[in-house]
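# Coordinate inspection notes
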Amino acid sequence: MAGRFDTRVERSADGGAAAVALLAAGEVVALPTETVYGLAADALDPVACARIFEAKDRPLSDPLIVHVPSRDWLEEVAEVSETAALLAERFWPGPLTLVLPRRKIIPDIVTAGQGTVAVRMSAHPVFQAVLRAFGRPVAAPSANRFGRISPTSAADVIAELGGRIPLVVDGGPCAHGIESTIVLVRGTGLHILRSGPVTAGELTAFGTVSGGVAGISAPGGLASHYAPRTPLVIGDSADVPSNAGLLSWRSVGAGFARVERLSENQDLREAAANLYGAMRRLDTAGLDVIVAEPVPEDGLGAAIMERLRKAAAR
Ligand code: AMP
Ligand code: MG
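Remember, predicted model here, so these are calculated numbers, not experimental data.

Reading the values: rules and limits
- Residues numbered from 1 in each chain as written.
- Chains lettered and ligands numbered in written order.
- Predicted model: local features only at pLDDT ≥ 70, side-chain atom pairs only at ≥ 80, totals over all residues.
- Heavy atoms only, no water.
- Helix = DSSP H or I, 4+ residues; strand = E, 2+ residues; numbered from the N terminus.
- Rg over C-alpha atoms; globule rule 2.2 N^0.38 Å.
- Buried < 20%, exposed > 50% of the residue type's maximum accessible area, 1.4 Å probe, protein only.
- Areas by Shrake-Rupley, 256 points an atom, 1.4 Å probe, with all protein chains shown as cover.
- Axes fitted to C-alpha atoms, helices over the stretch in contact; angles between N-to-C directions.
- Parallel < 35°, antiparallel > 145°, perpendicular 65-115°, else oblique.
- Left-handed = near helix turned anticlockwise from the far one by under 90°.
- Contact = heavy atoms within 4.5 Å.
- Nonpolar A, V, L, I, M, F, W, Y, C, P; charged D, E, K, R; others polar.
- 1 Å grid on protein atoms, 1.4 Å probe; cavity = no way out; pocket = protein on both sides within 12 Å on 5 of 7 lines; lining within 4 Å.
- Points joined across faces, edges and corners; volume = space filled by probe spheres on them.
- Salt bridge = Lys/Arg side-chain N within 4 Å of Asp/Glu carboxyl O.
- Pairing = 2+ DSSP bridges.
- Polar contact = N/O pair within 3.5 Å; in protein donor to acceptor, adjacent residues only side chain to side chain.
- Arc of directions from axis to C-beta.
- Phe/Tyr/Trp six-rings, centres within 6.5 Å; stacked < 30°, edge-to-face > 60°.
- Lys NZ or Arg CZ within 6 Å of the ring centre and 35° of its normal.

## What to know about the overall build of the protein chain
Each helix and strand counted, the protein chain has 10 helices and 15 strands in total. By the compact-globule yardstick of 20 Å for 314 residues, the protein chain fits well, its C-alpha radius of gyration being 19 Å. For the protein chain, buried positions account for 57% of its 314 residues. Just so you have it, the protein chain exposes about 12,200 Å², and 52% of that area is on carbon and sulfur atoms.

## With respect to the packing of helix α9 (residues 268–283) against helix α10 (residues 300–312)
Direction vectors running N to C along α9 and α10 enclose 20°, while the axes themselves pass 9 Å from each other. Regarding the angle of α9 to α10, the classification is roughly parallel. As α9 packs across α10, the resulting crossing turns out to be left-handed. Contact with α9, carried on its side by L268, R269, A271, A272, L275, Y276 and M279, involves L300, G301, I304, R307, L308 and A311 of α10 and no other residues of that element. Here the residues of the contact of α9 with α10 are counted per class, giving 10 nonpolar, one polar and two charged.

## So, the layout of surface pockets
Over the atoms a probe the size of a water molecule is rolled, and this reveals where empty space is left. In this structure, the largest pocket encloses a volume near 170 Å³. The wall of the largest pocket is formed by T152, S153, D156, P173, C174, A273, N274, G277, R280 and R281. When its residues are assigned to classes, the lining of the largest pocket shows three nonpolar, four polar and three charged.

## Description of the pattern of salt bridges
Within the structure shown, the criterion is met by 19 salt bridges. The shortest N-O distance in the salt bridge between D170 and R11 comes to 3.5 Å. Residue D170 is found in strand β8 (residues 167–170), and its partner R11 is found in strand β1 (residues 8–11); the two are separated by 159 residues along the sequence. Given a relative accessible area of 17%, D170 falls into the buried group.

## Considering the pairing of strand β15 (residues 289–292)
Along β15, one buried face is formed by V289 and V291 and the opposite face, lined by I290 and A292, is buried too. Where strand β12 (residues 232–234) meets β15, three bridges bridge the pair, whose relative direction is parallel. Bridging from a neighbouring strand, V233 pairs with V291 of β15. For strand β13 (residues 244–248) and β15, the ladder comprises four bridges, and the chain directions are parallel. Across the sheet, the residue bridging to L247 is A292, located in β15.

## Some thoughts on the side chain of S263
Here S263 shows up in the loop between β14 (258–261) and α9. Within polar-contact distance, the side chain of S263 engages the side chain of N265 at 3.3 Å. For S263, the side chain forms a polar contact with the main-chain nitrogen of D267, separated by 2.9 Å. Setting aside chain neighbours within four positions, we find S263 in contact with W249, E270 and A271.

## Observations regarding helix α4 (residues 82–91)
Among the residues of α4, T83, A84, L87, A88 and F91 are the ones counted as buried. End-on view of α4: buried residues confined to an arc of 135°, all on one side of the axis. Among the exposed residues of α4, those pointing more than 90 degrees away from its buried face are E82 and E89. Against α3 (74–77), β5 (96–101), β9 (181–186), β10 (189–194) and α8 (200–203) lie the buried residues of α4.

## Remarks on the packing of aromatic side chains
Applying the stated criterion across every chain yields a total of two aromatic pairs. In this arrangement the basic side chain of R307 is found over the ring face of Y226, its NZ or CZ atom lying 5.2 Å from the centre.

## Considerations on the pairing of β13
Most of β13 sits inside the fold, with five of its five residues counted as buried. In β13, alternate side chains face the same way, and those of A244, L246 and S248 on one face and G245 and L247 on the other are all buried. Examined bridge by bridge, β13 and β14 share four bridges and lie parallel to one another. Each residue of the ladder has a partner; that of L247, found in β14, is E260.

Rendered as structure tokens:
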């Protein structure tokens, strides 16, 4: 399937119109969101959604997130509890995905046959404009090949899916740089299936917050995910292997062949926004190993450490 398209990259206005036409024709298109770039297709068209799995080499067992054009669409695709409605009111549009009982309108391929559907509403102006013009929800996982580093720029999408998709709409770099927080809502139980920009602390006002639940296919639920091709280890910058790169949180990285700093002043937001780009640059630098310095595990740091552990798993 690779090599089928001469992938175009277009800026927002022109790209938006072309994206709507492609979605309406049942094709896939890469769009910017505030978290990472997504690969979108009509969420109500199973054949269009199948193209997402094909372009990403994604296993059909891994369900897709449905992005709605407006808050009103939530009831169309899912059963919305009071808690879920409050969460949507507080965090939408924004980087929070709600896992709720599905409605029949959502095809099985989107939910991987599960009784739940993951739903979110993006705050990105380009993404919102495309969805409003399209007038239907889209399914959109991250626009990378399965298991690899999520793209945070149009160039990253080309590196991952160039030749496999017709169009990338370039909306500049992503503000958050890591994927949405995913929360399974069951009564007043809020189970975090993937850490992200909306932190556990921010969710406690809405219910009892816990980690994932056994038996629920967790997001990027595999041990290895978001992974560079170069082996990555989480460790101390005092130990310098030969021909190693450092993904640095604090240190200057003396002795390392290449250093990428996540943030000059230890700002977790900046670190999250830089994480995947820095990993990608280290991954293409011809290194034998990447050492990642751990970040503090609180707030957004939990989401960053979750990504680093999956990147380190082999
Ligand atoms: P991606 O957008 O590529 O980061 O992937 C979306 C993630 O959402 C996947 O890893 C899924 O495991 C997760 N997801 C989507 N739908 C559901 C669902 N119904 N239940 C649990 N997790 C889901
Ligand atoms: Mg992904």
